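Working through the structure, step by step
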Amino acid sequence: MPNTNRILVVDDSDHVRILVSKRLKHRDFLEIDTAQNGKVALEKVKTFHPDVIFLDAVMPEMGGLEVLQSVKKDSPGIIIVMMSSISAREEILQFKEAGADAYLLKPFEDQKFDEVLEKALTLLKSKKEG
Amino acid sequence: MQCMRCKTEQEVLQKFCNECGAAMGLTCDRCGTVNRMEARHCGACGQPLVASLQEGGAAAARHGRPLPVRQYTTSEIEELLILRRVIKAGEESAKILTQNEIDNLF
């Protein structure tokens, strides 16, 4: 039986958190939690110990980039998928350079979400094995 | 188009004659389009072409001699090249990406 993977969904929009969580519930062996801002997300990293974080790039107080940098510094094994409507190459490259593993452009189709989730889980598996 | 010096036919409008190297057209400083020798303004962007052509340079053009196009110093050329690189880098970084292009980055 495969191990259960923990997924944390971080977004200041209730709508996005609900939407993403619902989509994740379609999958077996996933444990899901959510955070409405960067500070709560960092607390949940310590208590929930997520394997994968779906992280909104633009949030009040603490932005996604700051959260990303902090998580990658303390827990580099966590896979981070950025979610944003930002589509400018320069800004996307900032997230990549900070360690983001994937980038999901909002609004996204269910199919694309599933594809990125699959990629994240594959990356996670190879990190755990390697 | 025919070279005014050696009369060789050229397949396309180009800067210099394939046969004798005589100037064939005027290159626009702004957009790089090659225009006919007689042109006063660039056909692509409207930029006025070499002032010397309007002040007697037309005779030189008719005889197929290279025109006294704007002469740049080495440092001016370097500045232009740097400026071009900066503009290109700016355009590149501000480029809007699709999800597929983003996927290729990661």
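To start, this report covers the structure provided alongside it. (Residues numbered from 1 in each chain as written. Chains lettered and ligands numbered in written order. Predicted model: local features only at pLDDT ≥ 70, side-chain atom pairs only at ≥ 80, totals over all residues.)

Right, let's talk about the overall build of chain B for a bit. In terms of regular secondary structure, chain B is built from three helices and two strands. If you list the helices and strands of chain B from N to C, you get β-β-α-α-α. A total of 106 residues make up chain B; the buried ones form 11% of that total. By sequence separation, contacts in chain B at least 24 residues apart represent 12% of the contacts at least 6 residues apart. (Helix = DSSP H or I, 4+ residues; strand = E, 2+ residues; numbered from the N terminus. Buried ≥ 20, exposed ≤ 12 C-beta atoms within 10 Å, placed from the backbone. Contact = placed C-beta atoms within 7 Å.)

Let us look at the packing of helix α2 (residues 38–47) of chain A against helix α3 (residues 64–74) of chain A. Residues and elements named next belong to chain A. With their axes 10 Å apart at the nearest point, α2 and α3 run at an angle of 15° to one another. Relative to α3, α2 is oriented roughly parallel. Note that α2 runs across α3; the crossing there is right-handed. Residues Gly38, Ala41, Leu42 and Val45 of α2 form the contact with α3, whose own contacting residues are Glu66, Val67, Ser70 and Val71. Residue composition of the contact of α2 with α3, grouped by class: five nonpolar, two polar and one charged. (Axes fitted to C-alpha atoms, helices over the stretch in contact; angles between N-to-C directions. Parallel < 35°, antiparallel > 145°, perpendicular 65-115°, else oblique. Left-handed = near helix turned anticlockwise from the far one by under 90°. Nonpolar A, V, L, I, M, F, W, Y, C, P; charged D, E, K, R; others polar.)

The subject of this paragraph is the interface of chain B and chain A. Across the contact, ten residues belong to chain B and eleven residues belong to chain A. Of all the elements in the fold, those that place two or more residues in the side of chain B that touches chain A are α2 (74–93) and α3 (99–105) of chain B. It is α3(B) that contributes the most residues to the side of chain B that touches chain A, three residues altogether. Grouping the constituent residues of the side of chain B that touches chain A by class yields six nonpolar, two polar and two charged.

Once that is clear, we can look at the nonpolar core. Proteins that are soluble and globular tend to have nonpolar side chains buried together. Formed by 33 residues in total, the largest nonpolar core has its most connected members in Val10(A), Ile53(A), Phe54(A), Leu55(A), Ile80(A), Val81(A) and Met82(A). With five residues, strand β4 (residues 79–84) of chain A is the largest single contributor of residues to this core. If sequence neighbours within four positions are ignored, Leu55(A) has contacts with Val10(A), Gly64(A), Val67(A), Leu68(A), Ile80(A), Val81(A), Met82(A) and Met83(A). Among the nonpolar cores identified, the runner-up in size contains five residues, and Leu26(B), Cys28(B), Met37(B) and Cys42(B) belong to it. (Core = buried A, V, L, I, M, F, W, Y, C linked by C-beta atoms within 7 Å.)

This part takes up unusual backbone geometry. Residue Pro107(A) is reached from Lys106(A) by a cis peptide bond, and omega for that bond is -10°. Here Pro107(A) lies in the loop between β5 (102–105) and α5 (110–129). Positive phi values are uncommon outside glycine, yet Lys7(B) reaches one of about 70°. As for its placement among the helices and strands, Lys7(B) is situated in the segment before β1 (25–27).

So, about α3(A). Residue and element names in this part refer to chain A. Residues Gly64, Val67, Leu68 and Val71 constitute the buried set of α3. An end-on view of α3 places all buried positions within 100° of arc, on one side of the element. Those residues of α3 that are exposed and aimed more than 90 degrees away from the buried face are Lys73 and Asp74. Buried residues belonging to α3 abut β1 (5–10), α2, β3 (52–56), β4 and α4 (89–97). (Arc of directions from axis to C-beta.)

Residue and element names in this part refer to chain A. If you walk across this open sheet you meet the five strands as β2-β1-β3-β4-β5, and the pairing is parallel. In the strand order of this sheet, the two ends are held by β2 (30–35) and β5, each with one partner. The average undirected angle you get between the axes of adjacent strands in this sheet is 20°. Across five bridges, β3 lies against β4 in parallel orientation. In the strand pairing of β4, Asp56 is matched with Met83. Across the face of the sheet, α3 comes into contact with β1, β3 and β4 while running at roughly 155° to β3. (Pairing = 2+ DSSP bridges.)

Just distances and angles here, no functional claims.
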